[in-house]
Protein chains: 2
Amino acid sequence: MNAAILKGKVTGVGTGPGDPELLTLKAVRAINEADVIAFFCKKGSSGNGRAIVETHMRPGTLELPLVYPVTVETQKDEAGYKGPIADFFDRSAEDIAALLDAGKNVVVLSEGDPLFYGSYMHLHVRLQNRYQAEVVAGITAMSGCWSMTGLPLVQGDDILSVLPGTLSEEKLAERLANTDGAVIMKVGRNLPKIRRALASAGKLSDALYVERGTMANGAAAKLEERDESPAPYFSIVLVPGWKTRPGDVR
Amino acid sequence: MNAAILKGKVTGVGTGPGDPELLTLKAVRAINEADVIAFFCKKGSSGNGRAIVETHMRPGTLELPLVYPVTVETQKDEAGYKGPIADFFDRSAEDIAALLDAGKNVVVLSEGDPLFYGSYMHLHVRLQNRYQAEVVAGITAMSGCWSMTGLPLVQGDDILSVLPGTLSEEKLAERLANTDGAVIMKVGRNLPKIRRALASAGKLSDALYVERGTMANGAAAKLEERDESPAPYFSIVLVPGWKTRPGDVR
């Protein structure tokens, strides 16, 4: 398909967990070379990813905000990828396809890592068979969180489980009891349930709570010492593995 | 403890999965500012981490190779952190402590991410209570592998399990059957067993094999199509979650 050489390339670029210095050299180059920077955002906000890359954009770079429909959180957790959210990803992919057809190179920003719970994945699967598609790995939120707190997470033959806080209390407790290290995502309003599940699994005293990890207003505390006030949606709970380590480092 | 201000700082710096461009801006700054660069290596080789950062080191930066004792692989998998390997980490920590006491800032390179199955963790726990210790997150090998292959790994409420290939066939099969996405590390000579466990779990046809991910000689293939020749120790098997995605992208 020779015509493909004239088309642009789409690149999913991980912008990392929040600290602008946690961008990779490869991400900086992709952003600097892009004709168009596309980014997911909520209505009225251009999002963290866009703020992180600002200083690396060439003057005159086109911007394509992909504004989530208001229903996104509900739909995502419930009806899979049907309905308004699937339509939104379809439309976003077609907007990008039109730019690629015009020979533009498009970077799609993705907070954290593009293929690890990122919205970019929905565009990637819609575009990768029709266009040249590349992915630039990013530092995940969880990696930013354990690095910020200096908590060694897993070592040697440890098993690590990454669990959504949306699981039932019973399932969470069972998973937590049967792993070495654990990362619990989507904490938000699930925090009281997560706390009970950790207690059932005998791991509450090991757990660390982190919100807005690596950002200027990031904070961390032992989960036992954290109060019951509502947690932000993107807060994380870390449970270290590595039981055989030396010293009193917990 | 006012004397501490005169002491140096130790920084564990993730050098990422292999591609020198997957270094973060923060890592580059830490390396450039370091008085001493310490790195783990085998006898006769200075290691991947050292090669990745070479162009970012100031002329005159001191280097401290931490040469693994020959017994490291055996000991690590068996007797925990006792014996020669614990002695090695004790000695390495003391060598670094002497430099910190002399007011030098020491960067310890860590391939991938320092607190995710990295050797730096063993120094961190020995030094963090005595000195200022910081960690700069790095792109993990697994993230480099799924990005290189463009394989969306986990989405929405997926569970991800990171499993060592050293688990028994039965345990591996059980874990694989009870997760959405999975990453199997330490593949090496465990490859035939991993293949059988994936077949038992009904996931062999989904699995992707990646060796030396993001490096110049990196390669990936569907595990079903990969032959039975020995795999490098640091190869990885990826099993995608996200069953509800649109299209024919597997």
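Structural notes, computed from the coordinates. (Residues numbered from 1 in each chain as written. Chains lettered and ligands numbered in written order. Predicted model: local features only at pLDDT ≥ 70, side-chain atom pairs only at ≥ 80, totals over all residues. Heavy atoms only, no water.)

Details of the overall build of chain A
Piece 1. Looking only at helices and strands, chain A has eight helices and 10 strands in total.
Piece 2. What you see for chain A is a C-alpha radius of gyration of 20 Å, in line with the 18 Å of a compact globule of 250 residues.
Piece 3. In chain A, which comprises 250 residues, the share counted as buried stands at 57%.
Piece 4. Of the contacts made within chain A by residues no fewer than 6 positions apart, 72% connect residues no fewer than 24 positions apart.
Piece 5. For chain A, the accessible area works out to roughly 10,400 Å², and carbon and sulfur atoms hold 52% of it. (Helix = DSSP H or I, 4+ residues; strand = E, 2+ residues; numbered from the N terminus. Rg over C-alpha atoms; globule rule 2.2 N^0.38 Å. Buried < 20%, exposed > 50% of the residue type's maximum accessible area, 1.4 Å probe, protein only. Contact = heavy atoms within 4.5 Å. Areas by Shrake-Rupley, 256 points an atom, 1.4 Å probe, with all protein chains shown as cover.)

Section: helix α4 (residues 84-101) of chain B
All names here are of chain B.
Piece 1. Across its 18 residues, α4 extends 25 Å between first and last C-alpha, which sits within 8% of the 26 Å expected from 1.5 Å per residue.
Piece 2. Within α4 the residues assigned to the buried category are Ile85, Ala86, Phe88, Phe89, Ser92, Ala93, Ile96, Ala97 and Leu100.
Piece 3. Where α4 terminates, the next one or two residues include Gly103, which has phi positive at roughly 85 degrees. (Expected span 1.5 Å × (residues − 1).)

Remarks on the side chain of Ser110(A)
Piece 1. Looking at where Ser110(A) falls in the secondary structure, it is placed in strand β4 (residues 106-110).
Piece 2. Ignoring any residue separated from it by four or fewer positions in sequence, one finds Ser110(A) in contact with Val13(A), Gly14(A), Thr15(A), Gly16(A), Gly118(A) and Tyr120(A).

Side note on the interface of chain A and chain B
The parts lose accessible area when they come together, and the size of an interface is often stated as this lost area.
Piece 1. The interface is formed by 61 residues belonging to chain A together with 61 residues belonging to chain B.
Piece 2. The junction of chain A with chain B conceals about 5,300 Å² of combined surface from both sides, 58% of it contributed by carbon and sulfur atoms.
Piece 3. The interface formed by chain A and chain B contains six salt bridges.
Piece 4. Residue Glu21(B) is joined to Arg29(A) by a salt bridge in which the shortest nitrogen-to-oxygen separation is 2.7 Å.
Piece 5. Inspection of the chain A/chain B interface yields 36 residue pairs in polar contact (both at pLDDT 80 or more).
Piece 6. Elements supplying a minimum of two residues to the side of chain A that touches chain B: α1 (25-33), α3 (72-77), α5 (120-127), β5 (132-136), α6 (141-149) and β6 (160-164) of chain A.
Piece 7. Taken together, the residues of the side of chain A that touches chain B sort by class into 30 nonpolar, 17 polar and 14 charged.
Piece 8. Where β6(A) lies against strand β6 (residues 160-164) of chain B, three bridges are found, and the strand directions are antiparallel. Bridge pairing links Leu160(A) to Val162(B) in β6(B). (Buried area = accessible area lost by both parts, 1.4 Å probe. Salt bridge = Lys/Arg side-chain N within 4 Å of Asp/Glu carboxyl O. Polar contact = N/O pair within 3.5 Å; in protein donor to acceptor, adjacent residues only side chain to side chain. Nonpolar A, V, L, I, M, F, W, Y, C, P; charged D, E, K, R; others polar. Pairing = 2+ DSSP bridges.)

Some points on the pattern of salt bridges
Residue and element names in this part refer to chain A.
Piece 1. All told, the structure shown has 30 salt bridges over all chains when counted by the stated rule.
Piece 2. Glu211 is the partner of Arg212 in a salt bridge, and the nearest nitrogen-oxygen pair spans 2.9 Å.
Piece 3. Taking relative accessible area as the criterion, Arg212 reaches 32% and is therefore assigned partly exposed.
Piece 4. Judged by its relative accessible area of 13%, Glu211 falls in the buried class.

Comments concerning the pairing of strand β7 (residues 181-185) of chain B
All names here are of chain B.
Piece 1. The buried count for β7 comes to five of five residues, which makes it a mostly enclosed element.
Piece 2. Side chains Gly181, Val183 and Met185 project from β7 onto one buried face, and the interleaved Ala182 and Ile184 project onto a second face that is buried too.
Piece 3. By the bridge criterion, five bridges tie β6 to β7 in an arrangement that is parallel. Residue pairing in the sheet places Pro164 in a bridge with Met185 of β7.
Piece 4. Regarding topology, helix α7 (residues 169-177) serves as the crossover connection from β6 to the parallel β7, and that connection is right-handed.
Piece 5. Here β7 runs beside strand β10 (residues 236-239); their pairing, made up of three bridges, is antiparallel. Among the inter-strand pairings, Ala182 is bridged to a residue of β10, identified as Val239. (Right-handed = clockwise from strand over helix to strand, strands pointing away.)

Describing the nonpolar core
Piece 1. Counting residues in hydrophobic clusters, the biggest one holds 82 residues, and the most contacted among them are Ile96(A) and Ile96(B).
Piece 2. Setting aside its immediate chain neighbours within four residues, Ile96(B) contacts Val10(B), Ala38(B), Leu64(B), Leu66(B), Val106(B), Val108(B), Leu123(B) and Leu127(B).
Piece 3. Counting residues in hydrophobic clusters, the runner-up holds 38 residues, among them Ala34(A), Ile52(A), Cys41(B) and Val136(B). (Core = buried A, V, L, I, M, F, W, Y, C linked by side-chain atoms within 4.5 Å.)

Comments concerning the packing of aromatic side chains
All names here are of chain A.
Piece 1. Scanning the entire structure with this criterion turns up 14 aromatic pairs over all chains.
Piece 2. Plain terms: the ring middles of Phe40 and Tyr68 are 5.4 Å apart, the flat faces sit at 20 degrees to each other, and that makes the pair stacked. With Phe40 in strand β2 (residues 36-41) and Tyr68 in the loop between β3 (62-67) and α3, this pair connects stretches of sequence that are 28 residues apart.
Piece 3. Exposure remark for Phe40: the relative accessible area of 10% places this residue in the buried category. (Phe/Tyr/Trp six-rings, centres within 6.5 Å; stacked < 30°, edge-to-face > 60°.)

Considering the relation of the copies chain A and chain B
Piece 1. Mapping chain A onto chain B is achieved by rotating through 180 degrees and translating by 0.0 Å along the same axis, at an RMSD of 0.0 Å. What the superposition gives is, in effect, a two-fold axis relating one chain to the other. Ranked by how close their C-alpha atoms come to the rotation axis, the residues of chain A are headed by Thr24(A), at 2.0 Å.
Piece 2. The share of interface residues of chain A whose copies in chain B are also at the interface is 100%, consistent with both copies meeting through the same surface. (Least-squares fit on C-alpha atoms with pLDDT ≥ 70 in both.)

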